[in-house]
Amino acid sequence: MTQPVPPRTSAHKPYLDAIRATLQAAFCIENFESQVVERHNKPEVEVKSSKQLLLNPVVISRNQNERILIEGSINSVRISIGVKQADDLEKILCKRLMRFMMQRADDFHILRRKPIPEYDISFLITNFHAETMYKHRLVDFIIYFLEEIDKEISEMKLAVSSRARMCAEEFLKKFN
Amino acid sequence: MITQKFVNKVTLEFGRLIEYDHLWEDNPAIKEAMPHLRISKPEIKKKKKDDDLSTNVVEPDENEWKRLIDDMKYVRALEYVLQNAPVRAKDPDKKKKAASMALSTMMKIKTSEISDAVNSIPVPLRDTLMKYVYKGFENPKDYSSSALLTWHEKVLAATGLGSIVRVLTDRRTV
């Protein structure tokens, strides 16, 4: 059928379990056409046309730096992720990586082009996405994304320092 | 834009709703449509005095709570705060005070005792407990997120996904 997402046991299991449960609860979305403009269909979590259509926004945090904001509505869910950035190098790498992905948001479908302020990256999932893609797979994907981002950034950090070391070696050989 | 189709639909569906649920009066589409709707003014009941949210405010008494904390009766103290949580209050300071009471009590209860604490709290109050867990996540500086994650797990095990849905949808926020 489809590739299974590899299950991982990590130290962050309670955090990811809490996120999974909250996402499963928030993912009750259905088609809802705009009440303000005829023939328009807008994600209510972005437009916020009426208070009755919005759910209470909810934050889940593991520590000061890593948190997730989940805002739901009747036809869309917005998930904003704050990624752990321990030092300046990680900050730059994170910013670059997120920008890379957000510039290709069209192909990504569920990604938002700009993150919500105070967060690093945001997903916007509408009822149309939920109709073409399985909801439980979307939740699995978000969890997988969270696990992978941390790994990617630490891998990139190691790559940067090893490349820098090799460059410096080659350069200083000239002066030997 | 108000079309005839919209007017008919709204008259049928919302006419009754406006009578019972006053939130709909603020909906911009409804406001615009009101002059066109075939609902006569007297049918829209005024807000009853006891619907007024500000008169139904309860609040946990700080002294009573301190007394229970000093006696080391943490679970009883938590139950007391949950019972009198200011869910209907509009004043953010009241809510903040009650939240700090509830969350500091939750932090005092040991990790091994959390599941017993959750089971001893009566079922109707477990939703409020979940609301406070999410409230605690908003301030990771003040409240230990790892402890809160344990609370989240245990409350979820006791109540199921329904409690999270109620946190997301309930207007009576904590």
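For the structure, check the block above.
Since the model is a prediction, treat every value here as computed from it, not as a measurement.

A. Inspection of the overall build of chain A at higher detail. Along chain A, the regular secondary structure elements total six helices and four strands. Element order for chain A, N to C, with α for helix and β for strand: α-α-β-β-β-α-α-β-α-α. The dimensions of chain A, computed from C-alpha atoms along their principal axes, are 75 × 35 × 35 Å. For chain A, the residues scored as buried account for 43% of the 176 residues in total. Accessible area of chain A: about 10400 Å², with a carbon and sulfur share of 56%. Where the 27 positive side-chain charges of chain A centre and where its 24 negative ones centre are 4 Å apart.

B. Representation of the overall build of chain B in the model. Regarding its fold elements, chain B presents nine helices and zero strands. Ordering the α and β elements of chain B from the N terminus gives α-α-α-α-α-α-α-α-α. For chain B, the share of sequence-separated contacts (at least 6 apart) that also reach a separation of at least 24 residues comes to 70%. Total accessible area on chain B stands at roughly 10100 Å², and carbon and sulfur atoms take up 51% of it.

C. Looking closely at the interface of chain B and chain A. Each side of the interface is counted separately: chain B has 27 residues, and chain A has 25 residues. Carbon and sulfur atoms supply 60% of the area that chain B and chain A bury against each other, a total of about 2300 Å² over both sides. One can count zero salt bridges joining chain B with chain A. Applying the counting criterion to the chain B and chain A interface returns seven residue pairs in polar contact (both at pLDDT 80 or more).

D. Layout of a nonpolar patch on the surface. All names here are of chain A. Nonpolar side chains collect at one region of the surface, where Phe171, Leu172 and Phe175 lie side by side and expose about 380 Å² of accessible area between them. With respect to the secondary-structure elements, leucine 172 resides in helix H6 (residues 135-173). The exposed category is assigned to leucine 172, whose relative accessible area is 53%.

E. Representation of the sheet that holds strand S3 (residues 76-82) of chain A within the structure. Residue and element names in this part refer to chain A. Strand order in this open sheet of four strands is S1-S2-S3-S4, and the pairing throughout is antiparallel. Of all strands in the sheet, those bounded by a partner on one side alone are strand S1 (58-61) and strand S4 (121-126). For this sheet, the mean angle separating the axes of adjacent strands, direction not counted, is 15°. Pairing of strand S2 (residues 67-72) with S3 involves six bridges; the strand directions are antiparallel. Bridge pairing in S3 links isoleucine 68 to isoleucine 81.

F. Focus on the pattern of salt bridges. The final tally for this structure, using the stated rule, is 20 salt bridges over all chains. For B:Lys97, the salt bridge identified is with B:Glu62, shortest N-O distance 4.0 Å. Here the residue B:Lys97 occupies a position in helix H5 (residues 92-108), and B:Glu62 occupies one in helix H3 (residues 62-70), the gap between them amounting to 35 residues. Since its relative accessible area comes to 35%, B:Lys97 is described here as partly exposed. Accessibility expressed as a relative area gives 30% for B:Glu62, which makes it partly exposed. Here the salt bridges share partners, and the residues they tie into one network are A:Glu46, A:Glu71, A:Arg78 and A:Arg112.

G. Highlighting the side chain of A:Ser122. Residue and element names in this part refer to chain A. Tracing the sequence through the fold places serine 122 in strand S4. At a separation of 3.0 Å, a polar atom in the side chain of serine 122 contacts the main-chain amide nitrogen of isoleucine 116. Ignoring anything within four residues of it in the chain, the contact list for serine 122 reads Ile79, Ser80, Leu111, Arg112, Lys114, Pro115 and Ile116.

H. Geometry of the environment of B:Thr173. Following the sequence through the fold, B:Thr173 ends up in the segment after helix H9 (161-169). Assessed through its relative accessible area of 31%, B:Thr173 is described here as partly exposed. Residues B:Thr173 and B:Trp151, spaced 22 residues apart in sequence, show a C-alpha to C-alpha distance of 19 Å. Not counting residues within four places of it along the chain, the set of residues in contact with B:Thr173 comprises A:Asn56, B:Pro86, B:Val87 and B:Lys95.

I. Quick peek at the pairing of S1(A). Residues and elements named next belong to chain A. The two faces of S1 match: Val58 and Ile60 on one face and Val59 and Ser61 on the other face are all buried. Note: S1 against S2, four bridges, orientation antiparallel. Looking at S2, one finds that valine 58 is bridged to isoleucine 70. Here S1 hands over to S2 after five residues, the two strands then running antiparallel side by side.

How each quantity is defined
- Residues numbered from 1 in each chain as written.
- Chains lettered and ligands numbered in written order.
- Predicted model: local features only at pLDDT ≥ 70, side-chain atom pairs only at ≥ 80, totals over all residues.
- Heavy atoms only, no water.
- Helix = DSSP H or I, 4+ residues; strand = E, 2+ residues; numbered from the N terminus.
- Buried < 20%, exposed > 50% of the residue type's maximum accessible area, 1.4 Å probe, protein only.
- Areas by Shrake-Rupley, 256 points an atom, 1.4 Å probe, with all protein chains shown as cover.
- Lys, Arg positive; Asp, Glu negative; His and termini not counted.
- Charge placed at Lys NZ, Arg CZ, Asp CG, Glu CD.
- Contact = heavy atoms within 4.5 Å.
- Buried area = accessible area lost by both parts, 1.4 Å probe.
- Salt bridge = Lys/Arg side-chain N within 4 Å of Asp/Glu carboxyl O.
- Polar contact = N/O pair within 3.5 Å; in protein donor to acceptor, adjacent residues only side chain to side chain.
- Patch = residues over 30% accessible without salt bridge, like charges linked within 9 Å, V, L, I, M, F, W, Y side chains within 5 Å.
- Pairing = 2+ DSSP bridges.
- Axes fitted to C-alpha atoms, helices over the stretch in contact; angles between N-to-C directions.

All we've got here are geometric facts, nothing functional implied.
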